[in-house]
Amino acid sequence: MNQFLNNKAFLELNENQKLAVKTLNGPLLVLSGAGTGKTRVLTARLANLIYSRITNPWNILAVTFTNKAAREMKFRLENLIGQPANSVFLGTFHSIAAKILRENAELVGLNSNYTIITPDDQVRLLKQIMVDANIDIKKFTPKSMSNLIASWKDRAYRPKDVSISNNINFANGKGIDIYKMYQQRLITLNSVDFGDLLLFNLTIFRDHPDILERYYTKLSYFLVDEYQDTNTIQYMWLKILASKTENICCVGDDDQSIYGWRGAEVGNILRFEKDYPSAKVIKLEENYRSTGRILEAANSIILNNKERLGKNLKTSSDLGEKIALFSVWDGMEEAKKTSNEIENLYSNGFRYDQMAVLVRAGHQTRYFEERFIEIGIPYKVIGAKFYERQEIRDALAYLRVVQQPNDDLALERIINVPKRGLGASTINMIHTHAKKNKISYFLASQELLMTDELRPNVKKVLQNLINQFLNWNRQNKDISHTDLALKILDESGYIAYWQNENSIEGEGRLENLKELVNAMSGFENLAGFLEHISLVMDGDNEAEAGEVSLMTLHAAKGLEFEVVFLPGWEEGIFPSQRSIDETGLAGLEEERRLAYVGITRAKKRLFVTFAANRQVHGLWQGSIPSRFISELPKNHLIEYIEGNLGGDAFSYNQIDFGVSHDKGAYGPGFFRAKQTGIKAIDLYKKPTVGHSDLVNNNNFNNGQRVFHQKFGMGHVISSDGDKLNINFDKAGEKKVVSSFIKIIE
Ligand code: ATP
Ligand code: MG
């Protein structure tokens, strides 16, 4: 028996998990709900493969959904095996495909030091091409063209594979031509976009069987997390690579497929058994993450979806606290209420980094950010990327030109930053010359400098800049990349530029530039660092310890937090109107899966909020509670309605559904609003109407969480006037009088 099977990490697993960890050969699918230990099983399997010596670490390929998840898996794996796991091919589809492409770049007309361009460079490049092709870019925006190209690439379509029918509406049928020109332009720039990484991999595998054979020999075990969110090209890529050994283990959950809008095909997971007839399927049932009530909420929401295999989450842990539902006046109140709760929980021993606010759309974070800054809650926005700040992008552009002088987009970005007198007319001349002669901007500049096309003073400045780049490029081999970066930022005048700014903002930017050089020191050389940057710019960033995480529901996939806040549960926001408009019922079901993902991130406490008013394009609008709110199980819910009963504008009236849910007609604001068709906003004008039946602070509801001076925390079992029967957590069942009891909200 190999050592791993005696390891504590293995022995702690349940029987089905153990089976999944032991079944190393042949195709295996683990299809189970949230928090059932799929990722844990995958990590243990990796450890088992390495321990058992059934294969070498460098023969294993493991795919995670985000770079962060990859880092985490590597960390856990290293803990399990007690040695570095660098040789395992572990990363996102993009990062692994980038490596494979680098090893074979010349086969598709690239150099191995190719650049991965970022989404905004992609749009800029498309804009140039579309303007040159006389396309009305107001009507057909470069952004929508870039989305279209991405969706073709997600389906593995090269320009020659796109049929007219896929493109009929875009730019009067010119979409394919633009795509073609765009690809040609990328090649001359020695660049690729994210979609190209896998697409070129596939081209190489298909056109060069000898190379594919090399990877067959190299890679013999495959592990894939979040398999439900693979798109067509990822699916094809995996299928080809794994076809030789079929030692492929995929884990996923059809209820958590949330990337349909980006081309993910939940069908991939459902047809696993068809793809691999010898596949074993293991189901995990027990959820180890969340309390009973949180799971009930998740189950009760997802039950409303038609398109699903149908599984229920189970747990042997306690019911836990009720789910809190806050109805507030507006976004500002929502942020206030949330931050108050965060402070509350913090003083009760929860750490900031155990809490997360998960929003439907990125822009929703603004109110929270402002509020957190105001009252000093440390927080981190995951996704608002450090690397996307202006000064960082400028600095990266310098580094990119040094690494690869024909990176036109980078050169164009900083040619006149800081301002050095190379204005639009000079850039235009360079652009025209480069286009006519099909050469890079860098080369075009050098050629122009040999003529008298440029005014003498312009010529001097440009000559100086080009010389500097040539000089830095030479030094790239001799001095460390961090020293080089400092030198470039200094000699280019970029640091002085922000120093002269003499503002707090300028100081912050200088700090960021320092941080950039810090980040570089973790890499062997400039090329390695730049590759890393392109990959992290793809989406996720790591939250530092001690900070509340603020991120989208999409970014929260696979993560877990003690406390989760889900704001903005209003029709139009969540479910998102756009998603419903674009894809109807399928869109709605995807939104519901997103709600399921959000809820199941929480281990102990869950807060849902609804704001009665939202500002849309500067105008206030009343909102309607999300239909998902009415799908939450009322007996596991406590609703708090903002009102002015106590004369305090921010007091909350508490409605415990455990008691009141059967009083349909007297139901709380939301549900009544829904039933009667009155917008919730109307209810706020008369916040006391009908509430006296429901809110009586002298009445104790069964199940109510209370605190007693002597006996501590407990739950109300029954009440008779002011006498209560309470089951205390530590002291057991006791009879007490209500005057010594404090209600815990
Ligand atoms: P998701 O679908 O959200 O990605 P998952 O199925 O990947 O979830 P994990 O993240 O692997 O679930 O596990 C959820 C939590 O349960 C983790 O904290 C994990 O450590 C814990 N866990 C998993 N299996 C066990 C077990 N057998 N005993 C104790 N804890 C476990
Ligand atoms: Mg997982």
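Scoring rules and cut-offs
- Residues numbered from 1 in each chain as written.
- Chains lettered and ligands numbered in written order.
- Predicted model: local features only at pLDDT ≥ 70, side-chain atom pairs only at ≥ 80, totals over all residues.
- Heavy atoms only, no water.
- Helix = DSSP H or I, 4+ residues; strand = E, 2+ residues; numbered from the N terminus.
- Buried < 20%, exposed > 50% of the residue type's maximum accessible area, 1.4 Å probe, protein only.
- Contact = heavy atoms within 4.5 Å.
- Core = buried A, V, L, I, M, F, W, Y, C linked by side-chain atoms within 4.5 Å.
- Pairing = 2+ DSSP bridges.
- Axes fitted to C-alpha atoms, helices over the stretch in contact; angles between N-to-C directions.
- 1 Å grid on protein atoms, 1.4 Å probe; cavity = no way out; pocket = protein on both sides within 12 Å on 5 of 7 lines; lining within 4 Å.
- Points joined across faces, edges and corners; volume = space filled by probe spheres on them.
- Nonpolar A, V, L, I, M, F, W, Y, C, P; charged D, E, K, R; others polar.
- Salt bridge = Lys/Arg side-chain N within 4 Å of Asp/Glu carboxyl O.
- Near = heavy atom within 4 Å.
- Areas by Shrake-Rupley, 256 points an atom, 1.4 Å probe, with all protein chains shown as cover.
- Sits in = over half its atoms within 2 Å of the grid points.
- Expected span 1.5 Å × (residues − 1).
- Phe/Tyr/Trp six-rings, centres within 6.5 Å; stacked < 30°, edge-to-face > 60°.
- Lys NZ or Arg CZ within 6 Å of the ring centre and 35° of its normal.
- Parallel < 35°, antiparallel > 145°, perpendicular 65-115°, else oblique.
- Left-handed = near helix turned anticlockwise from the far one by under 90°.
- Disulfide = S-S within 2.5 Å.

1. A look at the overall build of the protein
Scanning the protein from terminus to terminus reveals 30 helices and 23 strands. A burial count over the protein gives 54% of its 745 residues as buried. Contacts in the protein between residues far apart in sequence, at least 24 positions, make up 73% of those at least 6 positions apart.

2. A short note on the nonpolar core
Within the largest apolar cluster, 69 residues are counted, with the highest numbers of intra-cluster contacts made by L61, L101, Y114, M145, L197, F205 and W237. The element best represented in this core is helix α9 (residues 194-207), accounting for eight residues. When residues no more than four places from it in sequence are discounted, the contact partners of Y114 are A98, L101, R102, A105, N190, V192, L197 and Q404. Formed by 44 residues, the second largest nonpolar core is a distinct cluster that contains A395, V458, F469 and I488.

3. Quick notes on the sheet that holds strand β1 (residues 28-31)
Reading across the sheet, the six strands line up as β3-β2-β6-β7-β1-β8 and stay open at both edges, with parallel pairing between neighbours. Bordering the open sheet on either side are β3 (89-91) and β8 (280-282), each of which pairs with just one other strand. In this sheet, adjacent strand axes meet at a mean angle of 10 degrees when their direction is disregarded. When strand β6 (residues 221-224) meets strand β7 (residues 248-252), the two strands line up parallel, connected through three bridges. Across the sheet, L223 pairs through a bridge with C249, a residue of β7.

4. Examining the layout of surface pockets
Volume-wise, the second largest pocket comes out at about 1,400 Å³. For the lining of the second largest pocket, the secondary structure elements donating two or more residues are α3 (38-51), α4 (67-81), β12 (548-552) and β13 (561-566). Of the residues contributing to the lining of the second largest pocket, the split by class is 16 nonpolar, 13 polar and 19 charged.

5. Observations concerning the pattern of salt bridges
Per the stated rule, a full pass over the model turns up 42 salt bridges. Across the pair D452 and K459 runs a salt bridge whose closest N-O atoms are separated by 3.5 Å. Judged by relative accessible area, D452 falls into the exposed class, the value being 70%. Among the charged side chains, a network of salt bridges with common partners joins D253, D254, D255, R308 and K311.

6. Here's the deal with the site of ligand 1
For ligand 1, the set of nearby residues contains 19 residues, the closest of which are K38, T39, Q256, E560 and R601. When the free accessible area of ligand 1 is taken as 640 Å², the share hidden by the protein chains comes to 86%. Of the pockets mapped on this structure, ligand 1 occupies the second largest pocket. Considering each element in turn, the shell around ligand 1 owes the most residues, three residues, to α3. The residue inventory of the shell around ligand 1, partitioned by class, reads three nonpolar, nine polar and seven charged.

7. Some thoughts on unusual backbone geometry
Of note, the bond from V417 into P418 is cis; its omega dihedral lies within 30 degrees of zero at 0 degrees. Within the secondary structure layout, P418 lies in the loop between α18 (408-414) and α19 (424-437). Put simply, F574 and P575 share a cis peptide bond, and its omega is 5 degrees. By secondary structure assignment, the location of P575 is in the loop between β13 and α26 (577-599). Here the phi dihedral of A171 falls at roughly 45 degrees; this positive angle occurs in a residue that is not glycine. On the secondary structure map, A171 appears in the loop between α7 (142-154) and α8 (175-188). Phi is positive for E226, which is not a glycine, with a value near 55 degrees.

8. Here we look at empty space enclosed by the protein
Under the defined criterion, the tally for this structure stands at six cavities of 30 Å³ or more. Quantified by volume, the largest cavity comes out at close to 160 Å³. Along the walls of the largest cavity sit 16 residues, with T118, D121, R393, L396 and R400 positioned nearest its centre. For the lining of the largest cavity, the secondary structure elements donating two or more residues are β4 (115-116), α6 (119-132), α17 (390-403), α18 and α25 (526-536). The dominant element in the lining of the largest cavity, judged by the number of residues it contributes, is α17, at four residues. Across the lining of the largest cavity, the residue classes break down as eight nonpolar, three polar and five charged.

9. What about α4?
An ideal rise of 1.5 Å per residue puts 21 Å on 15 residues; α4 measures up with 21 Å between its terminal C-alpha atoms. Among all positions of α4, only N67, K68, A70, M73, L77 and I81 are buried. One or two steps after α4, the chain reaches G82, where phi turns positive at roughly 70 degrees.

10. Side note on the packing of aromatic side chains
On inspection of all chains with the given rule, the structure shows 28 aromatic pairs. Taking 6.4 Å as the distance between ring centres and 80 degrees as the angle between the ring planes, the aromatic pair formed by F442 and F469 counts as edge-to-face. Of the two residues, F442 is situated in helix α20 (residues 441-449) and F469 in helix α21 (residues 456-475); the sequence distance between them amounts to 27 residues. Side by side, F442 and F469 carry an identical accessibility label, which is buried. Members of the aromatic cluster, each reached through a chain of ring pairs, are Y398, F442, F469, W472, Y494, Y497 and W498. In this structure, R102 is placed above the aromatic ring of Y114, and the distance from its NZ or CZ to the ring centre is 4.1 Å. Positioned above the aromatic ring of F65, the side-chain terminus of K557 is 3.5 Å from the ring centre.

11. A word on α6
Because each turn of an α-helix spans 3.6 residues, side chains separated by three or four positions in sequence point in the same direction. Between its first and last C-alpha atoms α6 spans 20 Å; for 14 residues at 1.5 Å apiece the expected length is 20 Å, and the two agree. Backbone geometry just after α6 places N134 at a positive phi near 55 degrees.

12. Digging into the environment of R413
With respect to the helices, strands and loops of the structure, R413 is situated in helix α18. Along the chain, R413 and D121 lie 292 residues apart, while their C-alpha atoms are 9.8 Å from each other. Apart from the residues lying within four places of it in its own chain, the contact partners of R413 are R124, Q390, R393, D394 and A397.

13. Observations concerning the packing of helix α5 (residues 93-104) against helix α10 (residues 209-218)
Where α5 meets α10, the closest approach of the two axes is 12 Å, and the angle between their N-to-C directions is 130 degrees. Comparing their axes, α10 and α5 come out oblique. In this structure, the crossing between α5 and α10 has a hand that is right-handed. Seen from α5, the contacting residues are I100, E103 and N104; seen from α10, they are I211, R214 and Y215. Class assignment of the residues belonging to the contact of α5 with α10 gives a composition of three nonpolar, one polar and two charged.

14. Notes on the state of the cysteines
Working definition: the covalent bond between the sulfur atoms of two cysteines is a disulfide. Scanning the entire structure with this criterion turns up zero disulfides. No disulfide involves C249; its sulfur sits 6.7 Å from the nearest other cysteine sulfur, which is in C250. C249 gets classed as buried once you look at its relative accessible area, which sits at 0%. Owing to a relative accessible area of 0%, C250 belongs among the buried residues under this scheme.

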